[in-house]
Structure formats: structure tokens, C-alpha cells
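Here's the letter readout for the chains.
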Amino acid sequence: MEELAVNIKIGDRAYPMKVKAVDEGRIRAAGKRINERINTYSKQFGIQDQQDLLAMVAFDCLTQTMQTEDEEIQQMAAL
């Protein structure tokens, strides 16, 4: 499987990584969505500290994942 070297900028840092060619679009889209959330939180709460903003994004992502998992468990239990 072909791997590509890409740089994904998140916040004010660039992260070099090697990704499978088939995953490149998803990886870039994920970086874009993280940056969009960082910008939203920065504007909404007036926060400029990148570490705080990244923590807020991580917390938000995990709570959404946990909610999705709970919903899937409830759907499985209903079957």
C-alpha cells in the first residue's frame, strides 16, 4: 500500500506524518475540522491559548464519540 508524506497543520503547529494514500483525504479533512472547531471556540470564548483550545476540541470530540457509542448500545439492546 502506498504511503504519502503529508504535513497537517493543527492550530499553530505542523505535524508531519505518513499516511496511506487512501486515507489522505480523510486525514486532511480531520485536520480542517479540528482547525474549524479551534477557530469557533476561540471566537466564541475569546480564548487564544492553543493548548486550551485543543483540550476543548478533544473533550468535545470524545463526548460526541461517547454519545454515539451509547446510542449504538441502546439500539443493539432494542433488537
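Here is what the cut-offs are and how they apply
- Here the residue index of a chain counts from 1 through its sequence in written order.
- Local features in this predicted model are restricted to residues whose pLDDT is 70 or higher, and side-chain atom pairs enter the listing and the counts only when it is 80 or higher, whereas totals over whole chains, interfaces and linings include all residues.
- Here the side-chain values reflect all heavy atoms present in the structure, with hydrogen atoms and water set aside.
- Within this analysis, patches are made of residues with over 30% relative accessible area and no salt bridge. Like charges are joined at 9 Å or less; nonpolar side chains (Val, Leu, Ile, Met, Phe, Trp, Tyr) at 5 Å or less.
- Accessible areas in this description were obtained via Shrake-Rupley with a 1.4 Å probe; residue shielding takes into account the shown protein chains only.
- The salt bridge criterion pairs a side-chain nitrogen of Lys or Arg with a carboxyl oxygen of Asp or Glu, the two atoms within 4 Å.
- Neither His nor the chain ends contribute to the count of charged residues, in which Lys and Arg are positive and Asp and Glu negative.
- Every charge is mapped to an atom, namely NZ of Lys, CZ of Arg, CG of Asp or CD of Glu.
- Strands are runs of DSSP state E lasting at least 2 residues, helices are runs of H or I lasting at least 4, and numbering of each runs from the N terminus.
- Burial classification: accessible surface area is computed with a 1.4 Å probe over protein chains only, and a residue below 20% of its type maximum counts as buried, one above 50% as exposed, and the rest as partly exposed.

Caption draft 1: Focus on a negative patch on the surface. A contiguous patch of negative charge on the surface is contributed by E69, D70, E71 and E72. Secondary-structure assignment places D70 in helix α2 (residues 50-78). With relative accessibility at 45%, the residue D70 sits in the partly exposed group.

Caption draft 2: Structural context of the pattern of salt bridges. Tallying each qualifying case throughout the model produces three salt bridges. The partner of D23 in a salt bridge is R26, with the nearest N and O atoms 2.5 Å apart. The exposure class of R26 is exposed, given its relative accessible area of 56%. Its salt-bridge partner being E24, residue R28 comes within 3.0 Å of it at the nearest N-O pair. Of this pair, R28 and E24 both sit in helix α1 (residues 24-45), separated by four residues, roughly a single helical turn.

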